[in-house]
Amino acid sequence: MTSLQDDTPPHLHQADLHDASGREAVFSDAISTLKTIASNIHVSLDDVPVAILEGRITAVIGLSVTIEGMSHLTGIGDRLTLMGLDGRETDAEIIGFRGKEAIAMPFGPLDGLGAGCKAVFHLYPTAQRSVRAGAALTLNDGLIGRVIDPIGCPIDGRQPLSPKGRACNLRARPPEAALRARLGPRLTLGVSALDLFTTCREGQRLGLFAGSGVGKSTLMGMLARNCDCDVAVIALVGERGREVREFLEDDLGSEGLAKAVVVVATSDAPPLMRREAAYTATTIAEYFRDQGKSVLILMDSVTRFCHALREIGLSSGEPPATRGYPPSVFAELPRLLERAGPGLPLDGKPAGQITAIYSVLVEGDDHNEPVADAVRGILDGHVVMDRRIAEAGRYPAINVLRSLSRTASGCNTPEENFLVQEARANMAIWDDIQDVVQLGAYREGNDARSDLALRLAPQLETILRQSRPEYRSLEDSFLALRNVLASQGIHQ
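A.B. asks: Would you explain the overall build of the protein in this entry?
C.D. replies: For the protein, the helix and strand inventory stands at 15 helices and 19 strands. Evaluated residue by residue, the protein yields a buried proportion of 52% over its 492 residues. Counting contacts in the protein only where the partners sit at least 6 residues apart, residues at least 24 apart contribute 71% of the total. As displayed, the protein has an accessible area near 21,800 Å², and 51% of this comes from carbon and sulfur atoms.

A.B. asks: Can you help me understand helix 5 (residues 216–226) in this one?
C.D. replies: Side chains that are three or four residues apart share a direction in an α-helix, a result of its 3.6 residues per turn. Helix 5 sits mainly inside the fold: nine of its 11 residues count as buried. Among the residues of helix 5, those classed as buried are Lys216, Leu219, Met220, Gly221, Met222, Leu223, Ala224, Arg225 and Asn226. Here the buried face of helix 5 lies against helix 4 (192–197), strand 12 (205–210), strand 13 (231–239), helix 6 (241–257), strand 15 (294–300) and strand 17 (353–361).

A.B. asks: Whenever I open this one, the sheet that holds strand 2 (residues 64–68) confuses me. Can you help?
C.D. replies: The strands making up a sheet associate through hydrogen bonds between their backbones, and the pairing can be parallel or antiparallel. One closed barrel holds the six strands; their spatial order is 1-2-5-4-3-6, and the pairing between them is antiparallel. Taking the axes of each pair of neighbouring strands and ignoring which way they run, one obtains an average angle of 45° across the sheet. Looking at chain direction, strand 1 (residues 51–61) and strand 2 are connected through five bridges and run antiparallel. Following the sheet pairing, Val60 is matched in strand 2 by Val65. Against the sheet, helix 8 (residues 302–315) contacts strand 2, strand 4 (89–98) and strand 5 (101–106), and its axis sits at roughly 150° relative to strand 5.

A.B. asks: Explain the pattern of salt bridges here, please?
C.D. replies: A side chain with one charge can pair with a side chain of the opposite charge if their charged atoms come near. Per the counting criterion, the structure on display carries 29 salt bridges. Notably, a salt bridge pairs Glu311 with Arg274, separated by 3.2 Å at the nearest N-O pair. With Glu311 in helix 8 and Arg274 in helix 7 (residues 271–289), this pair connects stretches of sequence that are 37 residues apart. Arg274 sits in the buried class, given a relative accessible area of 9%. Here the salt bridges share partners, and the residues they tie into one network are Arg79, Glu93, Arg171, Arg275 and Glu276.

A.B. asks: Any chance you could explain the layout of surface pockets here in plain terms?
C.D. replies: Over the atoms a probe the size of a water molecule is rolled, and this reveals where empty space is left. Of the voids in this model, the second largest pocket is the one considered here, and its volume is about 610 Å³. When contributions to the lining of the second largest pocket are tallied by element, the ones reaching two or more residues are strand 4, helix 7, helix 8 and helix 9 (327–337). At five residues, helix 9 tops the list of elements feeding residues into the lining of the second largest pocket.

A.B. asks: Quick question: what am I supposed to make of the environment of Val65 here?
C.D. replies: Turning to its location among the elements, Val65 is positioned in strand 2. Note on Val65: relative accessible area 0%, which makes it buried. Note: C-alpha distance between Val65 and Ser316 (251 residues apart in sequence) is 9.5 Å. Not counting the four nearest positions on each side in its chain, Val65 is found in contact with Ile57, Ala59, Val60, Leu82, Ala102, Ile103, Ala104 and Leu110.

A.B. asks: Any chance you could explain unusual backbone geometry here in plain terms?
C.D. replies: Residues other than glycine predominantly adopt negative phi, and peptide bonds predominantly adopt the trans conformation. Going from Asp300 to Ser301, the amide bond is cis rather than trans, its omega being 5°. For Ser301, the location among the structural elements is in the loop between strand 15 and helix 8. Note the cis peptide between Tyr395 and Pro396, where omega equals -5°. Checked against the element boundaries, Pro396 lands in the loop between helix 11 (387–391) and strand 19 (404–405). Of note in the backbone geometry, His72 takes a positive phi value of approximately 80° without being a glycine.

A.B. asks: I tried to follow the environment of Asn226 on my own but got confused; where do I start?
C.D. replies: Its place among the elements puts Asn226 in helix 5. In this structure Asn226 comes out as buried when scored by relative accessible area, which is 11%. Linking Asn226 and Glu470, residues 244 residues apart in sequence, is a C-alpha distance of 8.9 Å. Asn226 has contacts with Thr188, Leu189, Gly190, Glu470 and Tyr471, leaving out every residue within four places of it along the chain.

A.B. asks: Hey, could you run me through empty space enclosed by the protein in this one?
C.D. replies: Counted according to the given criterion, the structure contains one cavity of 30 Å³ or more. Computed from the structure, the largest cavity encloses a volume of approximately 40 Å³. Looking at the lining of the largest cavity, the elements with two or more residues in it are strand 12 and helix 5.

A.B. asks: Just to check I follow, could you spell out the packing of helix 14 (residues 448–464) against helix 15 (residues 474–486) for this structure?
C.D. replies: Two quantities define a packed helix pair, namely the angle between the helix axes and the distance between the axes. Packing of helix 14 against helix 15 leaves a shortest axis separation of 10 Å and a crossing angle of 170°. The angle between the axes of helix 14 and helix 15 places the two elements in the roughly antiparallel class. On helix 15, the residues touching Leu456, Gln459, Leu460 and Ile463 of helix 14 are Ala480, Leu481, Val484 and Leu485. Within the contact of helix 14 with helix 15, the residues separate by chemical class into seven nonpolar, one polar and no charged.

How each quantity is defined
- Residues numbered from 1 in each chain as written.
- Predicted model: local features only at pLDDT ≥ 70, side-chain atom pairs only at ≥ 80, totals over all residues.
- Heavy atoms only, no water.
- Helix = DSSP H or I, 4+ residues; strand = E, 2+ residues; numbered from the N terminus.
- Buried < 20%, exposed > 50% of the residue type's maximum accessible area, 1.4 Å probe, protein only.
- Contact = heavy atoms within 4.5 Å.
- Areas by Shrake-Rupley, 256 points an atom, 1.4 Å probe, with all protein chains shown as cover.
- Pairing = 2+ DSSP bridges.
- Axes fitted to C-alpha atoms, helices over the stretch in contact; angles between N-to-C directions.
- Salt bridge = Lys/Arg side-chain N within 4 Å of Asp/Glu carboxyl O.
- 1 Å grid on protein atoms, 1.4 Å probe; cavity = no way out; pocket = protein on both sides within 12 Å on 5 of 7 lines; lining within 4 Å.
- Points joined across faces, edges and corners; volume = space filled by probe spheres on them.
- Parallel < 35°, antiparallel > 145°, perpendicular 65-115°, else oblique.
- Nonpolar A, V, L, I, M, F, W, Y, C, P; charged D, E, K, R; others polar.

Next comes the structure, spelled out in structure tokens:
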């Protein structure tokens, strides 16, 4: 067997790569040597780097490091390894360039990194560049039922994941708009307030807008357990570390985890890890969608994903814009969110679908803040959770009058659309007269519509109220609504 130590090409330094002829000669020699090595030890040439590029850290400022000697052969998104003064190796990603210097951000703490520390980049053949140098994960069906971190390592204390599978790029493009399938049939979410008033179809994308402490994490656990899907992918982005286990055991439960993949990046994780959690979860959902499966992706929350993007953008030198968010945040949002939805039909088989529910943590209960406003304009509907309703003791605290599904009317029957419209109209009237009634200033008999709304209010409230372990099918929810309206003489 040929010795790797003797035959591996030398490290490449920037001085050797300034001109095209020099680069061509170096790569030609390197590839020739590697072919000999690969043939002798029976490995694929794609698994062996063409060369190893070394650079040096020149500055460490804030959350980023500046590296010289990495230009010409590296680009945005490339992964490299930083060698600390204490001997620890830290993975990092290039997030920008300033002249000939690369700006990188580590996936771990900056402790031990300083000026003069070495940075190493493995250069692979062109075919493997996007998979190796850029971010990629090897995925297989063994992910179902597991809890992993954003780089694909299990954190549930169970056996390691199989290294075999399909390599998937974390920065995949959405399917072509003119070729991807249309939305599928309507989907049972198992929560009456959502199934009735924001009826969802397979492949639809909904936003769940709520302030802190209103119960969105509990609602997302209910959806993961109750939703009629093949696989649920859950991304906990910037979640409190204490709440992760509570979510897994109390909100999700063993039944929900059995068909789910959970990706976790807690609030103390570096911004790259929090950002990567969203990409990893989306890539896993795409992997199962490409098998023709119906996938539900739940992300909590898009706001913390944007916070991570803001930290990264500001560290790379981007100017702050709206409320401190640099422009790249609002350019990145549609690139992520558009990846959910219907897939492409494959070999004459029905396309898989990614149904997505993204929670948005509205700051100060301001539903018009920049992230909420941008997400609402991209998605196919929005669900608003109201703190006032939560404080009144009704769960889930969904304000159905402010919630909307843009596809509901096209997937419900004419009778079901009529029932929903009548229920909304009466709830709107009750919302207007509720304060007057509670003050005792309302006199029954003055207005027939107000009298009807007054009688219907407690019955509709019962339909909207649902305990955490309770499951209701979409058909049962519509039957209950039909019976309540019929009891007051309302029918099509």
